[in-house]
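Survey of secondary and tertiary structure
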Amino acid sequence: MTYIYLIIKILNIFFIAPASIYAFLCSTQIKIRYNIIYSYVFAFGLIPWFYILLLRVFPYQHSGFYILLTIIPFVSLLVLKAKFFRFFLNEFCMLKSIAKKINKFSFFCFLFMIFFIMLWFLKKPLLGNDPLQYFYLSNLIDNLKEISFYPSTTAVDERGFVVPWSHPLGYPGLLAWGRLGLSKDIGLFFAKICSFSMTFFLALALIIVLYKETTRFNFWASLLLLTTPLCLSGALECHIDSSRMLLFFASFLLVYEYLKNVSEKIIFQKDVIYFLILGTSFGFSWFYHSSGILTYVICMGVFSIIFLLNQRKEMSFYVMLKKYIPLIFLTTLTMVLIVCVDLYNSFKVHGKILADLENIKIINFMSDEYKMYFDLSRGIKTLCDKFVFGIFKIFTEISIFGIVYFLFIISLFLSIKMIKTNNILTIYNFSIFFVFIFYLFVVFATIAGVGTFAFNPRYLLQIHPIVCLVVALQMKRIWR
Amino acid sequence: MIRFLKKSLIFILIFYGIFYYILQIDYFSFNDLRLNDFNKKDQNYFLKLFSFLEERNYKKAFVLRDGEFLTYSNLNIQHIFDDKTIDFTNDINKIYDFDCIISNHYNDPIFYKTKLNDIINQYDKSSLVFDDLGYKVFELNKTNNTINSEGFKFDVSEIDFLKNSYFYLTHKNEYPSLLAKPDIKYDEFPILEDGFYDCICDMEIIANEDSIVLFSILNYESYRNNYILKDTLYLKKGKNNISTRFLTTSKPFRCLFSSKKHPISIENFKINFYKKENKFYDLNQIYPKTYSMLFDGGNIKSNTLIFFQNKDKNFKLINMDLVGDGEVFLSTLNLNGINKFLLKNSFNNFLIKILLFFNGDSSVLSIGQKSKIIEKNIPPNSILFLQFKKNHMNENANFVIQNIKIINGSEND
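What you see is a predicted model, and the numbers here were worked out from it, not measured in a lab. (Residues numbered from 1 in each chain as written. Chains lettered and ligands numbered in written order. Predicted model: local features only at pLDDT ≥ 70, side-chain atom pairs only at ≥ 80, totals over all residues. Heavy atoms only, no water.)

**What to know about the overall build of chain A**
Across its full length, chain A carries 25 helices and zero strands. Taking 23 Å as the expected radius of gyration for a compact globule of 480 residues, we find that chain A reaches 22 Å, a close match to that expectation. For chain A, the spread of C-alpha atoms along the principal axes amounts to about 65 × 60 × 55 Å. Out of the 480 residues belonging to chain A, those deemed buried represent 62%. In chain A, of all internal contacts separated by at least 6 residues, the share reaching a separation of at least 24 is 77%. Total accessible area computed for chain A in this model is approximately 18400 Å², and 68% of it derives from carbon and sulfur atoms. Between the averaged position of the 42 positive side-chain charges in chain A and that of its 22 negative side-chain charges there is a distance of 13 Å. (Helix = DSSP H or I, 4+ residues; strand = E, 2+ residues; numbered from the N terminus. Rg over C-alpha atoms; globule rule 2.2 N^0.38 Å. Buried < 20%, exposed > 50% of the residue type's maximum accessible area, 1.4 Å probe, protein only. Contact = heavy atoms within 4.5 Å. Areas by Shrake-Rupley, 256 points an atom, 1.4 Å probe, with all protein chains shown as cover. Lys, Arg positive; Asp, Glu negative; His and termini not counted. Charge placed at Lys NZ, Arg CZ, Asp CG, Glu CD.)

Have a look at this one:
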């Protein structure tokens, strides 16, 4: 039975769910080019979301029940939208044309990285504290088949496991779904594969974007991403970062595509559908981790700036606002609806919807001591330290961020004329603008006293695929 | 040329990222139950600690930060971040409900800014029973026995200012530089009987600013990386009373402080020694060399690896009865052409370990004071590697093979 469950789950997450989402996106007839990317991203969001919903509504059921109910919606959708299914298969023909232009050396290097990670999963245990906690939590969910214990600031089992966070259950939900119905060893391995698939699809997404934007085959973005030490360690140790990066990147692409195709008319059906999709992407970002709210802030910030500036000449301020405000409202509402139960639970237990260490009583009680402890241990006591030893790590710590940011600066210098003269809505200029807004936000947040970005460099990783994309777009010039 | 540069860059990028993990192959050693995250044996990095806790049969433990992995043990745990921890701030005696306290290298404020600090740094209130890999286990003394320990004062003086850090050291006269191997004199070190010691270190440190100080205790005779203790101290501006505890042998050691950016002054630096009653095994009774067979024509030079080569067509079963302290690494490797070639041309253990990582069937077993029987199948035309791992408590692997048998068998055995 274990192997039947495994096959059903592999089919679901890698084929049926993405295919049905793809068919749905095609049926909406909105003009988007990266349906294949969104379909996989939303599959990784929807499956744990369904599973967690089922655990809330029908707890304590047999594993087979949950496996079946997480596949039925996708199969139904696929049957309903069957005529669009062939478009999904057509997308794989693109791989054929990519394969023709492939650089064998880069391709083998890419395969080597994947092989190394797989070998690591087979040979090595989990090492990081965070992944250990997420996997233990997923193990609890899988054993208990209920989630009423989450969140809690006292031990939830006799092993003293504490779950004091306000993060929704997206990532542990995915891992728990990965374990569902499988034996311990295979379940854990499949959960690791699910976690790694996010990095893998992110690397593929970068290849697809570069292929569609430049019509040239380009491996650089994905190679730079996979070889960045922090991303590699994230993949090997099954950290949550891969999911944060993937969802951030999908949201970035959605905003880009909308702005490129923006219509002058005030809200009509396609815009509404588009913003529902965008809101869903933000919602899943938050569902995976509370820091997903950053995706919303950055993407909406960039969208607002470009939308308002671009449309200024073409419509009056009043008409513009009339279009802009309902769109923002709709996106926000969709996002909140996806995580509303998790937010309610967090608020009920902690009195807050966004908090991490602040929920822990002893840290609150000894807050001054802990502040000094965290500041000194991370070397970020003063504002200057926060920048020098925190955020500037992107340049100073090659062992964390690799050489990506050096190449990024070089590519900026090389393309300075292009940035000045060209339209902002090219993938290159838009990516640079996105990176600029992200770091502007990081700088202001740090000055305002938010220490998150200086505290842990992993929070700066969300923008990393976009930085890799910028570098890859300029790689030819860099060689010259 | 550009193509060559491109290829070189890709190579560098890939191996730069992966290199760190390849290094960890040696550090984290091997395991057999690698797929099972909630089986304690999977966490082989902590295997020794798990094995120790199992041997001691503790029931309830209070665990400080970074003890997340202990959720995989059989203990009933209270984690530091549990709301119930706040009770200790009112009544520290509640800690006696637990059998032990498990700490780690994260020196949280609760560790040094509450009365917990008094409990873990006094002989009559607790005893340090495990100290390895930065993890310490303090057994709580529920009866108030008075313990007589010997105390020695040491002078600490500044030796260097390097890379924005101030360095301070004991035994300055005998050992002026960290980079040169000293003339060994033990003039300033107390003469102690052979055995194992539970040491408590008390000191006063005056800091000009809030600062972070790395405090390490190093084996006297080695000049790098042979640490007995590595602690991070968080100091507030002004006078700080610091206590810390560690296990060591009677061999001399030195204490090194390094303070980033800000100078400090260390006063009344005193170490108390208390001899442990635990029986440890004689270091010289190590594995019986008569059983070791070097690989034919092998170029492997190591005094910690033993090899058994099965040249037969049948399976062989090795059966050993081991006692000691530490971990044993077991691995079998099929002797096909490639492996034979690599083994013959490998010039150190590290390369062999990489070979075993990709090809071998490996496992790590933790050995404690109770005798443990190990069985391992050696397939036909294979080689068995057996390595005893060292730590600061046993410079040579501290094991005794009490009994060893090699049994012929078939594949079905």
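Here the narrative resumes.
**Here we look at a nonpolar patch on the surface**
Residue and element names in this part refer to chain A. The grouping of Leu383, Phe436, Leu440, Phe444 and Ile447 at the surface amounts to a nonpolar patch, some 490 Å² of accessible area in total. Here the element with the most residues in the nonpolar patch is helix 22 (residues 427–447); it accounts for four residues. With respect to the helices, strands and loops of the structure, leucine 440 is situated in helix 22. (Patch = residues over 30% accessible without salt bridge, like charges linked within 9 Å, V, L, I, M, F, W, Y side chains within 5 Å. Salt bridge = Lys/Arg side-chain N within 4 Å of Asp/Glu carboxyl O.)

**Some words on empty space enclosed by the protein**
Counted by the stated rule, this structure contains four cavities of 30 Å³ or more. Here the largest cavity defines a volume of roughly 60 Å³. Here the lining of the largest cavity is built from residues that sort into five nonpolar, four polar and two charged. (1 Å grid on protein atoms, 1.4 Å probe; cavity = no way out; pocket = protein on both sides within 12 Å on 5 of 7 lines; lining within 4 Å. Points joined across faces, edges and corners; volume = space filled by probe spheres on them. Nonpolar A, V, L, I, M, F, W, Y, C, P; charged D, E, K, R; others polar.)

**Structural notes on the side chain of Thr228(A)**
All names here are of chain A. Relative to the helices and strands, threonine 228 is located in the loop between helix 9 (220–227) and helix 10 (229–236). Among the polar contacts listed, one links the side chain of threonine 228 to the backbone oxygen of leucine 224, at a separation of 2.6 Å. Sequence-distant contacts of threonine 228, that is, excluding residues within four places in its chain, are made with Ile400, Phe401, Gly402, Val404 and His464. (Polar contact = N/O pair within 3.5 Å; in protein donor to acceptor, adjacent residues only side chain to side chain.)

**Brief notes about the pattern of salt bridges**
Evaluation of the coordinates by the stated rule reveals 14 salt bridges over all chains. For Lys236(B), the salt bridge identified is with Glu369(A), shortest N-O distance 3.8 Å. Here Lys236(B), found in the loop between strand 11 (227–235) and strand 12 (238–249), pairs with Glu369(A), found in helix 16 (residues 367–378), and the two come from separate chains. You can call Lys236(B) partly exposed: its relative accessible area is 30%. A network of salt bridges, in which partner residues are shared, links Asp130(A), Asp241(A), Arg244(A) and Arg458(A).

**Quick word on helix 12 (residues 269–288) of chain A**
Along its 20 residues, helix 12 of chain A runs 29 Å from first to last C-alpha, staying within 8% of the 28 Å computed at 1.5 Å per residue. Burial within helix 12 of chain A is extensive, with 16 of its 20 residues counted as buried. (Expected span 1.5 Å × (residues − 1).)

**Considering the interface of chain A and chain B**
Each partner contributes to the interface: chain A provides 65 residues, whereas chain B provides 63 residues. Overall, the association of chain A and chain B removes approximately 6200 Å² of surface from exposure, summing both partners, and the carbon and sulfur fraction of that is 68%. One can count three salt bridges joining chain A with chain B. Here Asp385(A) ties to Lys261(B) by a salt bridge, and the two come within 3.8 Å at their closest N and O atoms. Between the two partners, chain A and chain B, sit six residue pairs in polar contact (both at pLDDT 80 or more). The residue inventory of the side of chain A that touches chain B, partitioned by class, reads 41 nonpolar, eleven polar and 13 charged. (Buried area = accessible area lost by both parts, 1.4 Å probe.)

**Notes on the packing of aromatic side chains**
With the rule as written, the count across this model stands at 71 aromatic pairs over all chains. Here the aromatic rings of Tyr370(A) and Phe374(A) are separated by 5.8 Å at their centres, their planes lie at 40°, and the arrangement is tilted. In this pair, Tyr370(A) and Phe374(A) are both assigned in helix 16, four residues apart and thus about one turn of the helix distant. Each of the two residues, Tyr370(A) as well as Phe374(A), counts as buried. Both rings, one in Tyr123(B) and one in Tyr274(B), keep their centres 5.5 Å apart while their planes meet at 55°; by these two values the pair is tilted. Of this pair, Tyr123(B) sits in the loop between helix 5 (116–120) and strand 4 (126–132) while Tyr274(B) sits in strand 14 (residues 264–275), and the two are 151 residues apart along the sequence. (Phe/Tyr/Trp six-rings, centres within 6.5 Å; stacked < 30°, edge-to-face > 60°.)

**What about the pairing of strand 14 of chain B?**
All names here are of chain B. Bridge analysis of strand 6 (residues 150–153) against strand 14 gives four bridges, and the strand direction is antiparallel. Counted as the bridge partner of phenylalanine 152 is isoleucine 271 from strand 14. With ten bridges connecting them, strand 9 (residues 196–207) and strand 14 associate as antiparallel partners. Bridged to isoleucine 206 within strand 14 is serine 265. (Pairing = 2+ DSSP bridges.)

**A short note on the nonpolar core**
Counting 199 residues, the largest nonpolar core has Phe249(A), Phe303(A), Phe430(A), Phe434(A), Ile463(A), Ile102(B) and Val137(B) as the members making the most contacts within it. If one sorts the elements of this core by residue count, helix 8 (residues 184–214) of chain A sits on top with 17 residues. Excluding its chain neighbours within four sequence positions, the residues that come into contact with Phe249(A) are Leu202(A), Ala205(A), Leu206(A), Val209(A), Pro465(A), Ile466(A) and Leu469(A). By size, the runner-up hydrophobic cluster in this structure holds 32 residues, among which are Ile360(A), Met366(A), Phe62(B) and Leu140(B). (Core = buried A, V, L, I, M, F, W, Y, C linked by side-chain atoms within 4.5 Å.)

**Section: the environment of Ile141(A)**
Residue and element names in this part refer to chain A. Within the secondary structure, isoleucine 141 sits in helix 6 (residues 129–144). Here isoleucine 141 falls in the buried class, since its relative accessible area comes to 0%. With 162 residues separating them in the primary sequence, isoleucine 141 and phenylalanine 303 have C-alpha atoms 38 Å apart. Setting aside residues up to four positions removed in sequence, isoleucine 141 forms contacts with Tyr51, Leu55, Glu146, Ile147, Phe149, Leu169, Pro172 and Ala176.

**With respect to the sheet that holds strand 7 (residues 157–162) of chain B**
Residues and elements named next belong to chain B. In space, the five strands of this open sheet follow the order 7-8-13-10-11, with antiparallel pairing throughout. The two strands at the open ends of the sheet, each matched to only one other strand, are strand 7 and strand 11. Within the sheet, the average angular offset between the axes of one strand and its neighbour, ignoring direction, is 20°. (Axes fitted to C-alpha atoms, helices over the stretch in contact; angles between N-to-C directions.)

**Details of the confidence of the model for chain B**
Residue and element names in this part refer to chain B. Confidence in the prediction for chain B averages 71 pLDDT; 64% of positions are at 70 or higher. A low-confidence stretch, residues 26–44 (pLDDT under 50), is modelled with 77 contacts involving residues beyond four sequence positions or located in other chains. In the predicted structure, residues 279–303 sits below a pLDDT of 50 and forms 53 contacts with residues beyond four places in sequence or in another chain. The ipTM, which scores confidence in the relative placement of chains, is 0.82 for this predicted complex, and the corresponding pTM is 0.83. (pLDDT = per-residue confidence, 0-100.)

**Looking at unusual backbone geometry**
Residues and elements named next belong to chain A. In this chain, tyrosine 150 is followed by proline 151 through a cis amide linkage whose omega measures -10°. Residue position: proline 151 is located in the loop between helix 6 and helix 7 (170–179). Residue tyrosine 60 is not a glycine yet carries a positive backbone phi of 60°. Looking at the element boundaries, tyrosine 60 is found in the loop between helix 2 (35–57) and helix 3 (63–80). Of note, the phi angle at cysteine 238 is positive, near 60°, even though the residue is not glycine. Note on placement: cysteine 238 falls in the loop between helix 10 and helix 11 (241–260).

**Notes on the pairing of strand 4 of chain B**
All names here are of chain B. The element strand 4 is largely enclosed, with a buried count of seven among its seven residues. Two strands pair when backbone bridges link them, and strand 4 and strand 5 (residues 135–140) are joined in this way by six bridges, in the antiparallel orientation. Residue pairing in the sheet places aspartate 132 in a bridge with tyrosine 135 of strand 5.

**Here's the deal with the side chain of Lys145(A)**
Residues and elements named next belong to chain A. Relative to the helices and strands, lysine 145 resides in the loop between helix 6 and helix 7. Judged by relative accessible area, lysine 145 falls into the buried class, the value being 10%. A distance of 2.6 Å separates the side chain of lysine 145 from the backbone oxygen of aspartate 142, its partner in a polar contact. Not counting residues up to four positions away in its chain, the partners in contact with lysine 145 are Tyr51, Leu55, Pro59, Tyr60, Gln61, Ser63, Tyr66, Leu140 and Leu180.

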